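Single-letter residue listing:
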Amino acid sequence: MAASKSSSSSLSPTALVFMGLLALQFGIQPIVTKKFTSPEIIRSTVIFTQEIVKLLIAMIGITLNTSTKWKDITSGWSIQSWLRLALLPATIYLIQNLCSLLAYQNLDAITYNVLNQTKTLSAALCCFLLLGKRQSKLQIVALVILLVAALVMEGILPLNLEYYMNYLSNATAAADSNETTKFSLSSRHVSHGVLPIMLASFLSGLAGAITQKSLQSGGGRNALMFTMELCVASILILLVSFATSDDGKKIQERGFFDQWTFLTLVPILTNSAGGILVGLVIKYAGTIRKGFALIFGILISGIVQSLIDENKTLSKEDIAGGVLAALSLWMHASFPYVAAPAKMKAKAE
């Protein structure tokens with residue numbers, strides 16, 4: 001119950017620590033992945049290894065935690081509960097990744113990033129539909145500000161007045177000219193680009209809401225145990241996919257560890273830690289506020305890149321986006337939804 005309460009109102013110190021660690025992991029992950037992972041590597045071999053490493057870390061975490069016992073954690077566990085609580089979100093995440101890949105191949109970068117940043121709004125919708133968690137008016141404003149913060153940091157909304165003036169002048173000139181402007185969306189652009197990324201965004205929120213319900217409802221499932229259940233489900237799905245996918249054929253031809261080095265384990269370890277942190281953040285802060293941590297991760301990525309690369313500096317967009325993200329997090333935590341008293345509802349009826 002405490003976890004649920006903290007996720008719906010103020011953020012507990014535990015929640016803030018896990019959100020901070022997740023933001024740090026999310027920020028450095030693209031950097032270490034690019035540095036230590038060959039572009040020719042078979043991607044599914046990395047994902048498969050990540051799931052195994054994540055499974056081992058979760059097992060070790062439970063074993064070393066003196067306040068938890070395996071007997072207590074596994075009490076009431078069954079194949080049916082695993083299928084219902086773990087296999088379903090794991091399957092949803094797999095479909096989400098496939099939709100994202102399809103959209104990435106058929107959309108320009110700007111369109112993809114704009115639509116992809118609606119995941120936090122989808123999470124809020126799914127939390128309302130599945131958990132009945134409402135957002136106050138100011139929390140909705142905070143989520144919109146968070147979306148703007150992400151778009152600013154991604155460079156989609158640059159802080160350049162001249163850019164917008166030129167855009168308006170070009171639009172006005174086109175409207176005043178005698179030439180008719182043509183704008184059309186091909187059916188493939190919509191069916192293989194826009195719709196898949198919107199579906200991926202919704203599925204991300206849906207899987208997050210299902211996970212939050214599993215971790216918080218009725219006292220809550222142990223976060224590390226739930227991570228283990230997700231890992232087993234993902235490993236089984238990947239093993240089945242190896243039999244039919246292109247990656248499975250590549251593994252047979254080139255070997256599982258083709259293009260691997262010892263340092264390939266670095267991004268695998270950080271990504272595995274991130275997967276565990278996602279579960280902990282959802283349990284103690286909620287899936288909506290996981291989105292806040294990921295946006296702060298974009299800022300951290302910009303800071304780290306500016307420190308290790310002399311040719312890159314922290315842009316004003318990064319700074320402004322970070323300020324907006326901090327403002328949105330404060331608003332979302334400070335102005336939670338408050339249900340109307342029963343007497344007020346009775347009078348309204």
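All figures in this text were calculated on a predicted structure; none of them were measured in a lab. (Residues numbered from 1 in each chain as written. Predicted model: local features only at pLDDT ≥ 70, side-chain atom pairs only at ≥ 80, totals over all residues. Heavy atoms only, no water.)

**Structural notes on the overall build of the chain**
Reasoning step 1: Check the secondary structure of the chain and you find 16 helices and zero strands.
Reasoning step 2: Counting all 349 residues of the chain, 42% fall into the buried class.
Reasoning step 3: Within the chain, residue pairs in contact and separated by at least 24 positions form 87% of the contacts whose partners lie at least 6 positions apart.
Reasoning step 4: Surface exposure of the chain reaches about 19,500 Å², of which carbon and sulfur atoms provide 66%. (Helix = DSSP H or I, 4+ residues; strand = E, 2+ residues; numbered from the N terminus. Buried < 20%, exposed > 50% of the residue type's maximum accessible area, 1.4 Å probe, protein only. Contact = heavy atoms within 4.5 Å. Areas by Shrake-Rupley, 256 points an atom, 1.4 Å probe, with all protein chains shown as cover.)

**Some details on unusual backbone geometry**
Reasoning step 1: Of note, Gln259 is a non-glycine position whose phi angle comes to about 70 degrees, a positive value.
Reasoning step 2: Position of Gln259 among the secondary structure elements: in the loop between α12 (246-254) and α13 (265-284).

**Here's the deal with the nonpolar core**
Reasoning step 1: Among the nonpolar cores identified, the biggest contains 60 residues, and Leu11, Met19, Ile288, Phe292 and Ile295 are the most heavily contacted of them.
Reasoning step 2: Ranked by the residues each element gives to this core, the list is headed by helix α11 (residues 223-242), at eleven residues.
Reasoning step 3: Counting residues in each nonpolar core, the second largest holds seven residues, with Ala103, Tyr112, Leu115 and Ala200 among its members. (Core = buried A, V, L, I, M, F, W, Y, C linked by side-chain atoms within 4.5 Å.)

**Some points on the environment of Val323**
Reasoning step 1: Note on placement: Val323 falls in helix α15 (residues 316-334).
Reasoning step 2: Overall, the relative accessible area of 54% leaves Val323 in the exposed class.
Reasoning step 3: As a C-alpha pair, Val323 and Phe296 span 27 residues in sequence and 9.7 Å in three-dimensional space.

**Considerations on the packing of aromatic side chains**
Reasoning step 1: Applying the stated criterion across every chain, the model contains seven aromatic pairs.
Reasoning step 2: Their ring planes at 35 degrees and their centres at 5.7 Å tell us that Phe18 and Tyr284 sit as a pair that is tilted. One end of the pair, Phe18, is in helix α2 (residues 13-36); the other, Tyr284, is in helix α13, with 266 residues separating them in the sequence.
Reasoning step 3: When its relative accessible area of 18% is taken as the criterion, Phe18 is described as buried.
Reasoning step 4: Here the aromatic rings of Phe256 and Trp260 are separated by 6.3 Å at their centres, their planes lie at 35 degrees, and the arrangement is tilted.
Reasoning step 5: For Phe256, a relative accessible area of 21% puts it in the partly exposed group.
Reasoning step 6: Following the ring pairs from residue to residue traces out a cluster consisting of Phe48, Phe242, Phe256, Phe257 and Trp260. (Phe/Tyr/Trp six-rings, centres within 6.5 Å; stacked < 30°, edge-to-face > 60°.)

**Comments concerning the pattern of salt bridges**
Reasoning step 1: All told, the structure shown has two salt bridges when counted by the stated rule.
Reasoning step 2: A salt bridge links Lys54 to Glu51, with the nearest nitrogen and oxygen atoms 3.3 Å apart. Here Glu51 and Lys54 lie together in helix α3 (residues 43-64), a separation of three residues that amounts to about one turn. The residues Lys54 and Glu51 share a single accessibility class, namely buried.
Reasoning step 3: With a shortest N-O distance of 2.7 Å, Asp258 and Arg254 are connected by a salt bridge. (Salt bridge = Lys/Arg side-chain N within 4 Å of Asp/Glu carboxyl O.)

**Some points on a nonpolar patch on the surface**
Reasoning step 1: On the surface, a nonpolar cluster with roughly 550 Å² of combined accessible area is contributed by Ile52, Leu56, Met59, Ile60, Leu64 and Trp70.
Reasoning step 2: By residue number, the principal contributor to the nonpolar patch is α3, which donates five residues.
Reasoning step 3: Tracing the chain through its elements places Ile60 in helix α3. (Patch = residues over 30% accessible without salt bridge, like charges linked within 9 Å, V, L, I, M, F, W, Y side chains within 5 Å.)

**As for α2**
Reasoning step 1: Compared with the 34 Å implied by 1.5 Å per residue over 24 residues, the 33 Å span of α2 between its first and last C-alpha is a close match.
Reasoning step 2: At Gln29, α2 is deflected by roughly 35 degrees, the largest bend along its length, and proline Pro30 occurs up to four residues later in sequence.
Reasoning step 3: Residues of α2 that are buried: Ala15, Phe18, Met19, Leu22, Ala23, Gln25, Gly27, Gln29, Ile31 and Val32.
Reasoning step 4: Buried residues along α2 sit in contact with α13, α14 (287-308) and α15. (Expected span 1.5 Å × (residues − 1). Bend = angle between axes of the 7 residues up to and from the residue.)

**Looking at the packing of α14 against α15**
Reasoning step 1: Running from N to C, α14 and α15 point in directions that differ by 160 degrees, and their axes come no closer than 10 Å. Comparing the axis directions of α14 and α15 gives the class roughly antiparallel. Crossing angle aside, the handedness with which α14 passes α15 is left-handed. Contacts from Ile288, Arg289, Phe292, Ile295, Phe296, Leu299 and Gly302 in α14 reach Asp318, Gly322, Ala325, Ala326, Ser328, Leu329, His332 and Ala333 in α15. (Axes fitted to C-alpha atoms, helices over the stretch in contact; angles between N-to-C directions. Parallel < 35°, antiparallel > 145°, perpendicular 65-115°, else oblique. Left-handed = near helix turned anticlockwise from the far one by under 90°.)

**Comments concerning the side chain of Gln135**
Reasoning step 1: One can find Gln135 in the loop between α7 (119-131) and α8 (137-153).
Reasoning step 2: Sequence-distant contacts of Gln135, that is, excluding residues within four places in its chain, are made with Ala124, Ile140, Leu143, Ile288, His332 and Tyr337.

**Thoughts on α8**
Every α-helix winds through 3.6 residues per turn, so residues three or four apart in the chain are directed the same way.
Reasoning step 1: Taking 1.5 Å per residue, 17 residues should reach 24 Å; α8 reaches 25 Å between its end C-alpha atoms and fits that length.
Reasoning step 2: Positive backbone phi, approximately 85 degrees, marks Gly155, located one or two places after α8.

**Brief notes about the environment of Arg289**
Reasoning step 1: Its place among the elements puts Arg289 in helix α14.
Reasoning step 2: In the structure, Arg289 is positioned 40 residues away from Leu329 in sequence and 7.9 Å away in space, judged by C-alpha atoms.
Reasoning step 3: Only 3.1 Å separates the side chain of Arg289 from the backbone oxygen of His332, close enough to count as a polar contact. (Polar contact = N/O pair within 3.5 Å; in protein donor to acceptor, adjacent residues only side chain to side chain.)

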